[in-house]
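This is what each chain is made of:
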Amino acid sequence: MVLRSGHEAVVRVAVATLWARPEAVRPVDGPALSRRTDIAGWISGMTADQRVGDCVLSQLLLGERVLVEEVRPDGWVRLVAVEQPAAKLDPRGYPGWLPRDQLAEPTERAPGRPDLVVAATVTRLHAAPVGPVVLPGVILGTRLTAAGPARDGWRPVRVPDHGQPLWVLDTHLAPLPSRPPSATEVLTVASRLRNVVYVWGGVSAYGIDCSGLVHLAWRRFGVRLPRDADDQAAATVPLPLGAERPGDLYFFARPGRRVHHIGIVTARPGPGSDRRMLHACYTQRRVLEEPMPADRAATLVGAHRVTF
């Protein structure tokens with residue numbers, strides 16, 4: 001496999017972790033660095049404090065496109081994740097580092113544009129219907145290209161770095177939507193991630209952060225929102241407080257600082273401006289739905305809506 005600076009590549013693992021720099025990797029991160037990543041094992045092997053280290057920037061899903069910037073002799077690639085907008089960092093996408101073994105050349109992709117999306121929270125790709133598992137841990141929102149019609153409840157799909165189609169349960173897939181989703185549809189998907197542990201930079205059903213939850217829920221419906229909360233605020237439309245509805249977004253910032261947290265509105269505001277939200281909570285280290293705590297209400301700077 002030859003990756004070249006200035007050219008595109010694609011993610012060949014179920015979930016790839018985007019690192020701040022190769023030197024930031026810790027011994028505990030081994031399962032996230034291999035040619036066949038084990039994100040569930042990686043997250044379960046970390047302490048709560050290790051899950052919020054600043055070495056992780058984001059995560060990329062199978063088939064996601066990247067722009068290669070530099071290929072180091074030690075096997076690390078500096079790149080831009082072009083499907084994760086990050087205007088404040090790079091107008092092309094989210095910059096960071098990945099191990100070279102987790103990428104494939106675009107020429108290794110089978111032709112055809114993705115027309116399916118993983119609708120299950122997590123699924124597995126098999127060598128044949130009811131056959132051996134080739135790629136476990138494929139996440140909600142992963143886009144795949146059909147390689148033929150479903151057969152006996154299984155669908156063949158084309159996957160980067162695999163010459164032959166792999167097979168997935170057809171019930172775990174949905175057509176890539178041709179219309180924008182409703183906010184309620186997005187909230188329903190996000191709610192399925194309740195109790196997932198908090199992981200700084202996480203964008204998976206094994207571990208996720210506040211903006212990753214919003215990014216992934218909309219991604220399930222083919223909508224590309226920015227990756228970070230402050231960029232998500234800039235890409236959405238402000239509402240008067242009190243006008244928010246389920247599926248809208250709450251943003252939080254300290255005085256004079258940029259937005260640092262985001263939650264999804266789960267109910268119309270009640271008397272006395274009582275509010276509820278679903279969010280990946282740093283302090284409780286999991287995704288939960290709850291009345292907005294007083295400390296959050298004190299830093300609430302607005303409600304926004306995703307519009308098309």
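See the structure shown above.
Computed from a prediction, not measured in an experiment: that's the story for all the values here.

Undergrad: Could you clarify how one ought to interpret the state of the cysteines in this entry?
TA: What we call a disulfide is simply a covalent bond connecting the sulfur atoms of a pair of cysteines. With the rule as written, the count across this model stands at zero disulfides. Free cysteine: C55, not disulfide-bonded; nearest cysteine sulfur from C210 at 17 Å. On the basis of relative accessibility, which here comes to 4%, the residue C55 falls in the buried class. Left unpaired, C210 is separated from the closest cysteine sulfur, that of C281, by 9.6 Å. With a relative accessible area of 6%, C210 lands in the buried category.

Undergrad: Honestly, the pairing of strand β20 (residues 300-305) in this entry has me stumped. Any pointers?
TA: Within a regular beta strand, the side chains point alternately toward one face of the sheet and then the other, so they alternate between its two faces. When strand β15 (residues 237-239) meets β20, the two strands line up antiparallel, connected through three bridges. What sits directly across from L239, in β20, is A303. The pairing of strand β16 (residues 249-252) with β20 spans four bridges and is antiparallel. Counterpart to L249 in the pairing with β20 is H304.

Undergrad: For this particular structure, what's the right way to read the pattern of salt bridges?
TA: Any two side chains of opposite charge can pair if their charged atoms end up close together. All told, the structure shown has 24 salt bridges when counted by the stated rule. Measuring nitrogen to oxygen at the nearest pair gives 2.8 Å for the salt bridge that ties D248 to R305. Taken together, the residues D248 in the loop between β15 and β16 and R305 in strand β20 connect sequence positions 57 residues apart. The exposure class of D248 is buried, given its relative accessible area of 3%. For R305, a relative accessible area of 30% corresponds to the partly exposed category. Linked by salt bridges that have partners in common, E69, E70, R78, D90 and R92 make up one network.

Undergrad: Help me out: how do you make sense of the side chain of D90 in this one?
TA: Relative to the assigned elements, D90 resides in the loop between β5 (76-81) and β6 (94-99). When its relative accessible area of 12% is taken as the criterion, D90 is described as buried. In this structure D90 touches V80 and P95, once residues within four positions along its chain are discounted.

Undergrad: Just to check I follow, could you spell out unusual backbone geometry for this structure?
TA: Excluding glycine, residues mostly carry a negative phi; peptide bonds, for their part, are mostly trans. At V130, a position not held by glycine, the phi torsion is positive, near 60°. Relative to the assigned elements, V130 resides in the loop between β9 (122-126) and β10 (133-139). Given the relative accessible area of 67%, V130 is considered exposed. A positive phi angle is found at N195, which is not glycine, with a value near 75°. The residue N195 is located in the loop between α2 (183-191) and α3 (210-219) in this model.

Rules and cut-offs
Residues numbered from 1 in each chain as written. Predicted model: local features only at pLDDT ≥ 70, side-chain atom pairs only at ≥ 80, totals over all residues. Heavy atoms only, no water. Disulfide = S-S within 2.5 Å. Buried < 20%, exposed > 50% of the residue type's maximum accessible area, 1.4 Å probe, protein only. Pairing = 2+ DSSP bridges. Helix = DSSP H or I, 4+ residues; strand = E, 2+ residues; numbered from the N terminus. Salt bridge = Lys/Arg side-chain N within 4 Å of Asp/Glu carboxyl O. Contact = heavy atoms within 4.5 Å.

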